[in-house]
Amino acid sequence: MQPIGVFDSGVGGLSVLKALRQTLPQAQFVYVSDAGHAPYGERDVQHVLERSAAIGRYLVQNHRVSALVVACNTATAAAISTLRADYPSLPIVGVEPALKPAAARTRTGVVGVLATRSTLASEKFAALLQAQDPKVRFVLQACDGLAAAIENADHAQIHQLCARYTQALGPLGSGAGEMDTVVLGCTHYTFAASVLSTLVGTDVALMDAGLPVAQRTASLLQTSDGDGLTADKTEPWVELLTTGSPTALENAARQWLDGTGAVRQLNIV
Ligand code: DGL
C-alpha cells in the first residue's frame, strides 16, 4: 500500500488535499506542512528549492509514495523541474495559477491574479502568462502576509489584507472594462474565499486549481500502476505531518477535512 504524498509550506495544501480526497476517495495520503520553514512566498528561491527537495526525499524514502503532489504554487514554480529530474519514474503533479480557465471564463477580458511575490516573479509564471490569449488583460497582485495570516488563522489580518489587495486590483464587476474573474494563485487563499467573495461581489468568479490538480493526479495514477487507489481501511485516510507547531494544521484539518487522525511533528532535513 503506497500513499500519495502531498506537501505545502503550511495549511494551504489542504485545499488541494480536499479535492484529491473527493476525486480519489479510495486513496491514502501523507501530507507534509513545512510550517517550520514558511512562508515560502516571500523567501528566496534557493530556500524553497532546498525545502522541496528535502520533503520530496523524505516522502519517497520514508513513505514510498506512489505519486507526489506539490500543493503549493510557490514550490511548484521553484522546484518542480528539479523534483521531476530527481524522480523520473514517479508521477509528480504541481499546481499553478488557473490562468487558462480564467481566460476561458472571463466575459469582460480582465482577470486578476492574487499570488505570492515569489510565484509572480518566477520564470514559470512568466511563461504561463505569455501563453495566454493576448486579448485578455491580467492584473497581477502580490499578497505579502496573506498566507501567513491564513496560517495563523488571524481573522482580522486576513480581512484587512484581502480588502487591501482586492482594492488594488481595480474596478471589479461584470461591466465593460471591469474585472469579472480573480485567480487564487496560492493554495492558502482558497481558505479566505468566503472573505474574498464578499469583498469582490457576486459578479466576480474566484478560481483555484484544486480540482484540476486532483483530476490530473487521478489520471496519472490510472495510467501508472494505480497502487495509490486502494485504501487500507484500518488506517486513517491521511497521515498529517508538520515541521512546525501542530496546532495550525490540527485546527485547519478539523475545519476543512473530514475525519483525520492526529498531527505528528517531525524534522525534515
Ligand atoms: N501555499 C503556497 C502557494 O500556493 C504559499 C504560501 C507561502 O507563502 O508559504 O504558493
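Just so we're clear, the structure is a prediction, and the values are computed from it rather than from any experiment.

A few words now on the nonpolar core. Of all hydrophobic cores here, the largest spans 54 residues; its most connected members are Ile4, Val6, Leu14, Leu17, Phe29 and Leu114. In this structure, Ile55, Tyr87, Ile92 and Ile268 belong to the second largest nonpolar core, which totals 24 residues.

With parallel pairing, the 6 strands of this open sheet are ordered in space as S4-S3-S1-S2-S9-S10. Taken across any chain shown, the strands that pair with only one partner, and hence form the sheet edges, are strand S4 (92–93) and strand S10 (263–265). Contacts from helix H2 (residues 45–63) reach strand S1 (4–8), strand S2 (29–33), strand S3 (67–70), strand S9 (238–242) and S10 within the one sheet, and its direction differs from that of S2 by about 150 degrees.

A word on the packing of H2 against helix H3 (residues 73–86). Contact geometry of H2 with H3 gives a least axis separation of 9 Å together with a crossing angle of 60 degrees. In this view, H2 runs oblique relative to H3, as classed from their interaxial angle. When you trace H2 past H3, the crossing you get is right-handed. Residue-level inspection shows Val45, Val48, Leu49, Ser52, Ala53 and Gly56 of H2 in contact with H3, the latter providing Thr74, Ala75, Ala78, Ala79, Thr82 and Leu83. Residue composition of the contact of H2 with H3, grouped by class: 8 nonpolar, 4 polar and no charged.

Moving on, we get to the packing of helix H1 (residues 14–23) against helix H10 (residues 210–223). Closest axis-to-axis distance for the H1/H10 pair is 8 Å, and the angle between their directions is 50 degrees. As summarised for this structure, H1 and H10 are arranged oblique, according to the angle between their axes. Note that H1 runs across H10; the crossing there is right-handed. In contact with Val16, Ala19, Leu20 and Thr23 of H1, H10 contributes Gly210, Leu211, Val213, Ala214, Gln215, Thr217 and Ala218. Within the contact of H1 with H10, the residues separate by chemical class into 7 nonpolar, 4 polar and no charged.

Glancing now at the sheet that holds strand S8 (residues 205–207). The sheet built from 4 strands is open, its strands ordered S6-S5-S7-S8 with parallel pairing. The two strands at the open ends of the sheet, each matched to only one other strand, are strand S6 (137–142) and S8. For this sheet the average axis-to-axis angle between neighbouring strands, irrespective of direction, equals 25 degrees. Docked against the sheet, helix H9 (residues 193–200) engages strand S5 (110–115), strand S7 (181–184) and S8, running at close to 150 degrees with respect to S8.

Now for H3. In a regular helix each residue adds 1.5 Å, so 14 residues correspond to 20 Å; H3 covers 19 Å between its end C-alpha atoms and thus fits that length. Taking the largest bend as the criterion, H3 deviates by roughly 60 degrees, centred on Ala79. Taken as a whole, H3 has its buried residues at Asn73, Thr74, Ala75, Thr76, Ala78, Ala79, Ile80 and Leu83. Tucked inside the fold, the buried residues of H3 contact S1, H2, S3, S4, helix H5 (117–121) and helix H6 (123–130).

Attention now goes to the pattern of salt bridges. Evaluated as defined, the whole model comprises 6 salt bridges. With a closest N to O distance of 2.8 Å, Arg51 and Asp34 form a salt bridge. One end of the pair, Arg51, is in helix H2; the other, Asp34, is in the loop between S2 and H2, and 17 residues separate them in sequence.

Within the structure shown, the criterion is met by 2 aromatic pairs. Taking 5.9 Å as the distance between ring centres and 85 degrees as the angle between the ring planes, the aromatic pair formed by Phe29 and Trp237 counts as edge-to-face. Here the residue Phe29 occupies a position in strand S2, and Trp237 occupies one in the loop between H10 and S9, the gap between them amounting to 208 residues. Of the two residues, Phe29 and Trp237, both sit in the buried class. Arranged with centres 4.5 Å apart and planes meeting at 35 degrees, the rings of Phe191 and Trp256 form a pair that is tilted. Taken together, the residues span a long stretch of sequence, with Phe191 in the loop between S7 and H9 and Trp256 in helix H11 (residues 246–256) at a distance of 65 residues.

What follows deals with the site of the ligand. In the region of the ligand, 13 residues are neighbours, and Ser9, Tyr40, Gly41, Thr74 and His188 sit closest. A distance of 2.8 Å separates an oxygen atom of the ligand from a polar atom in the backbone of Asn73. A distance of 2.8 Å separates an oxygen atom of the ligand from a polar atom in the backbone of Thr187. Here the ligand, which alone exposes 300 Å², has 99% of that area covered by the protein. In terms of residue class, the shell around the ligand is made up of 5 nonpolar, 7 polar and 1 charged.

About the cut-offs
Residues numbered from 1 in each chain as written. Predicted model: local features only at pLDDT ≥ 70, side-chain atom pairs only at ≥ 80, totals over all residues. Heavy atoms only, no water. Core = buried A, V, L, I, M, F, W, Y, C linked by side-chain atoms within 4.5 Å. Buried < 20%, exposed > 50% of the residue type's maximum accessible area, 1.4 Å probe, protein only. Pairing = 2+ DSSP bridges. Helix = DSSP H or I, 4+ residues; strand = E, 2+ residues; numbered from the N terminus. Contact = heavy atoms within 4.5 Å. Axes fitted to C-alpha atoms, helices over the stretch in contact; angles between N-to-C directions. Parallel < 35°, antiparallel > 145°, perpendicular 65-115°, else oblique. Left-handed = near helix turned anticlockwise from the far one by under 90°. Nonpolar A, V, L, I, M, F, W, Y, C, P; charged D, E, K, R; others polar. Expected span 1.5 Å × (residues − 1). Bend = angle between axes of the 7 residues up to and from the residue. Salt bridge = Lys/Arg side-chain N within 4 Å of Asp/Glu carboxyl O. Phe/Tyr/Trp six-rings, centres within 6.5 Å; stacked < 30°, edge-to-face > 60°. Near = heavy atom within 4 Å. Polar contact = N/O pair within 3.5 Å; in protein donor to acceptor, adjacent residues only side chain to side chain. Areas by Shrake-Rupley, 256 points an atom, 1.4 Å probe, with all protein chains shown as cover.

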